[in-house]
2 protein chains.
Amino acid sequence: MSAPLHHARPAAGPGRALPDTQQGMRRRNLARVMHTVSAEGPLSRAAVASRIGLTRAAVSTLVDELIRSGLLEELGPERPRRVGRPGSALAVSGHGPAGIGAEVGVDHLAVCAMDLRGEVRARAVRQTANRDRAPEPVIAELRELIDQVVTEADGAGLWPAGLAVAVPGLVARDARTVVRAPNLGWQDTDLAALLPARWPLTVGNEANFGALAELWLGKEAPRDFLHVSAEIGIGAAVVVDGRLLYGNRGFAGELGHVPVHPDGPACPCGGRGCLEQYAGEEAVLRAAGLEPGEDRVGLLAARAEQGDRAVRDALRDAGTALGIALTGAVNLLDPQSVVLGGALAGLAPWLLPSLRSELARRTAGPACPVTVSSLGPEGPLLGAAHSVVRGVLDDPAAVSELA
Amino acid sequence: MSAPLHHARPAAGPGRALPDTQQGMRRRNLARVMHTVSAEGPLSRAAVASRIGLTRAAVSTLVDELIRSGLLEELGPERPRRVGRPGSALAVSGHGPAGIGAEVGVDHLAVCAMDLRGEVRARAVRQTANRDRAPEPVIAELRELIDQVVTEADGAGLWPAGLAVAVPGLVARDARTVVRAPNLGWQDTDLAALLPARWPLTVGNEANFGALAELWLGKEAPRDFLHVSAEIGIGAAVVVDGRLLYGNRGFAGELGHVPVHPDGPACPCGGRGCLEQYAGEEAVLRAAGLEPGEDRVGLLAARAEQGDRAVRDALRDAGTALGIALTGAVNLLDPQSVVLGGALAGLAPWLLPSLRSELARRTAGPACPVTVSSLGPEGPLLGAAHSVVRGVLDDPAAVSELA
């Protein structure tokens, strides 16, 4: 992790990457205060001190600095019921730095601004057909939405602490280059050259941001899980001990090209019988005898709901193929659970039975639990925005340098 | 990682798990000095100071403490060529704390004592048939070897800082319970109850210790790799950014039960067509028309060397199956390389061609490199002993509490 902080992949915990000096210790302790208030606030200074194991005097110095920087605020006596001693409770500020999240989808663009409390305060979405469209016009359109959201956020007293962009493709570890996004037709595209330079930028894979959203915003999300999602392809992301696994080139989580039937149909990746040949959106539509069009997942879900036998069979078989691929993944990674997110979440009722039974019959002992994400298709966008917010919580001292 | 330090899984770097207080900072800096001298010594105090970014005065205080504890020693002027200023150079001590490594194999028991410099100073090996033998007599025999090695080490001025035991099975995250070791016939066995209580104990999977040995002692070992090894079963271990991935229950790396041909032969694990059904030692012997006996790998290697067609074909097919399973693993993990270790290293000349070509034809872009470990079958034993040594380097201050 040699990248500067706001470009960096999220660290294992508050400020872990900071240098081990007096100054680094102060910054880590500022991060501890922010994380504690963020997770458990409103809290009094004394409660913060007892939770992080520092003296109350030390905590007060840190808190004063965070209030001066506009990252924490003192709640007035107008909320007497929420804490024991009115006026003394601290909360994360709803003003000041915000995370700007953006998503480039095959069929849409979306941007949002999230405050430090994790609330989305401005949002813009546009339906656009981005398949095989050059990066320049797509990003130009995305910039319009970013400008719109930043202006709206400014009106609410928020300023961008960074921009994070989710894309449906492989992103290099520099967190700016899209190495391959087959459904957009992009290859080796440096998005940093096309996006505003005035904020720290992180470009990331949508499945990765979806998994981070699950980790940070999901209900009772485990710390070790495999997050499986789909738009056109099948993506996965591996979270180990609360950390996203990126892989050497940044390409980890390519579940879609795990061989399921090694002698099966040829896949554009060069392999044979990859999972996408059985459980990818296009494969499922083909197996169900449907034409690809707009809102493909919605179409499949609606038909399955109506009891369409061909669609239900196609989804059952896709679930079986997912179960085979996940057996291998679970054997390798031993996660606490598998979470189905993104488009797969909407199809879960018809995928899950065959998926679970395949996993169970191939597993010695209790099979790994498979659950469905509560975040739905917005996961990657929220994860992107929240990754910027996390960057501020992880090193609040860096924000005053940015402001 | 809530376990006490010497029982704990190795941390990401020097002393990362230590508390963030003045005292914790001192302990982390002691660890930095030890790691720096260990990796690059002999070094002068000034050289250590410049490498870890502390003042020379601060480093001198830390060094004096480490010399007093017997963990560092000052080299006399008898080595004038190795450093600029004779007499001022520091080296890790070849006396004092040692790591005791032990290995329970299906066909043998082994124990060694390793000093802080990483040199094996005492060793004992015994051939024994442990298959389906109860844990009590096996561990009783292992204790005899441990006593023998500890006595020999004592004669060389070394005392045990901890004991680490490698076993061919799944080990729970408590690092003491063998959950399942099919080839020994052990299940839910608490080895801590059978082993000496007077030293910190870590029980671990042999494939994991083999991978750690590769990481710490291998030639130009990468920081992100998949280590594949075999005794009877096929084990793997995943190293990410210099850290071993344990998984939720401690079971990560079960490559042997990744489905290769999902409709293939039934496997004792409950699955079908698992990798072990194609590339496990017994499967290969069966395919080659040979009887399982002692030194099975040696037999296969000798026959293949002689040009035995059936053996070569069996190994080629095993390589193909490994290539299919590794395609999935590489897609999920995106490692820098795959390293074949343990028994597989000796069979590499006949496994590698088909393994590499299978991986290449299933991979878009350049295939993940596959290399062969230089450590051979002793990897797990050395990794176990070195894990104790790492524990001392990671928190040298803890040693004085043990001594």
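Keep in mind the model is a prediction, meaning the values are calculated, not measured. (Residues numbered from 1 in each chain as written. Chains lettered and ligands numbered in written order. Predicted model: local features only at pLDDT ≥ 70, side-chain atom pairs only at ≥ 80, totals over all residues. Heavy atoms only, no water.)

Comments concerning the overall build of chain A
Here is step 1: Within chain A, the secondary structure is distributed over 12 helices and 16 strands.
Here is step 2: The C-alpha radius of gyration of chain A comes to 22 Å, within 12% of the 22 Å expected for a compact globule of 403 residues.
Here is step 3: In terms of overall dimensions, chain A has C-alpha extents of about 65 × 50 × 40 Å along its principal axes.
Here is step 4: Looking at chain A as a whole, 60% of its 403 residues qualify as buried.
Here is step 5: At a minimum sequence separation of 6, the contacts of chain A that also span at least 24 residues come to 63%.
Here is step 6: Carbon and sulfur atoms make up 49% of the accessible area of chain A, which totals about 15,700 Å². (Helix = DSSP H or I, 4+ residues; strand = E, 2+ residues; numbered from the N terminus. Rg over C-alpha atoms; globule rule 2.2 N^0.38 Å. Buried < 20%, exposed > 50% of the residue type's maximum accessible area, 1.4 Å probe, protein only. Contact = heavy atoms within 4.5 Å. Areas by Shrake-Rupley, 256 points an atom, 1.4 Å probe, with all protein chains shown as cover.)

Observations concerning the sheet that holds strand 12 (residues 225-230) of chain A
Residue and element names in this part refer to chain A.
Here is step 1: Pairing is mixed in the open sheet, where 5 strands are placed in the order 14-13-12-15-16. The sheet is open, and its two borders are formed by strand 14 (243-244) and strand 16 (370-372), each paired with just one other strand.
Here is step 2: Looking at chain direction, strand 13 (residues 234-240) and strand 14 are connected through 2 bridges and run antiparallel. The partner of Val 240 across the bridge, within strand 14, is Arg 243.
Here is step 3: Against the sheet, helix 9 (residues 309-333) touches strand 12, strand 13 and strand 15 (337-340), its axis set at about 150 degrees to strand 12.
Here is step 4: The strands touched by helix 10 (residues 342-361) within the sheet are strand 12, strand 15 and strand 16, with strand 16 carrying the most contacts at an inclination of about 165 degrees. (Pairing = 2+ DSSP bridges. Axes fitted to C-alpha atoms, helices over the stretch in contact; angles between N-to-C directions.)

Focus on the nonpolar core
Here is step 1: In this structure, Val 228 and Leu 255 of chain A together with Val 228 and Leu 255 of chain B are the most contacted members of the largest nonpolar core, which totals 94 residues.
Here is step 2: For Val 228 of chain B, the contacting residues outside a window of four places in its chain are Ile 234, Gly 235, Ala 236, Leu 255, Leu 322, Leu 326, Val 338, Val 339, Leu 340, Gly 341 and Leu 344 of chain B. (Core = buried A, V, L, I, M, F, W, Y, C linked by side-chain atoms within 4.5 Å.)

A look at the domain arrangement of chain A
Residues and elements named next belong to chain A.
Here is step 1: In terms of domain boundaries, chain A breaks down into domain 1 (5-95), domain 2 (97-211 + 380-393 + 398-402) and domain 3 (219-374).
Here is step 2: Tallying the contact residues gives 15 residues for domain 2 and 20 residues for domain 3.
Here is step 3: By the criterion of area lost to domain 3, the three top residues of domain 2 are Arg 173, Asn 208 and Ala 211, representing 37% of everything that side buries.
Here is step 4: Note that Arg 296 is salt-bridged to Asp 107, the shortest N-O span being 3.2 Å.
Here is step 5: When contributions to the side of domain 2 that touches domain 3 are tallied by element, the ones reaching two or more residues are strand 8 (170-171) and helix 5 (206-217).
Here is step 6: Element by element, the count of residues in the side of domain 2 that touches domain 3 is highest for helix 5, at 5 residues.
Here is step 7: Within the side of domain 2 that touches domain 3, the residues separate by chemical class into 7 nonpolar, 4 polar and 4 charged. (Domains from an automatic or database assignment. Buried area = accessible area lost by both parts, 1.4 Å probe. Salt bridge = Lys/Arg side-chain N within 4 Å of Asp/Glu carboxyl O. Nonpolar A, V, L, I, M, F, W, Y, C, P; charged D, E, K, R; others polar.)

Re the interface of chain B and chain A
Here is step 1: At the junction of the two partners, chain B supplies 49 residues and chain A supplies 49 residues.
Here is step 2: Taking both sides of the interface into account, the surface hidden between chain B and chain A amounts to around 4,100 Å²; carbon and sulfur atoms contribute 51%.
Here is step 3: Taken together, chain B and chain A are joined by 2 salt bridges.
Here is step 4: The salt bridge partner of Asp 334 of chain B is Arg 249 of chain A, with a shortest N-O separation of 2.9 Å.
Here is step 5: Remark: the boundary between chain B and chain A carries 20 residue pairs in polar contact (both at pLDDT 80 or more).
Here is step 6: Put simply, the parts of the chain that give the side of chain B that touches chain A at least two residues each are helix 1 (22-40), strand 13 (234-240) and helix 9 (309-333) of chain B.
Here is step 7: With 7 residues, helix 9 of chain B is the largest single contributor of residues to the side of chain B that touches chain A.
Here is step 8: A per-class count over the side of chain B that touches chain A returns 21 nonpolar, 15 polar and 13 charged. (Polar contact = N/O pair within 3.5 Å; in protein donor to acceptor, adjacent residues only side chain to side chain.)

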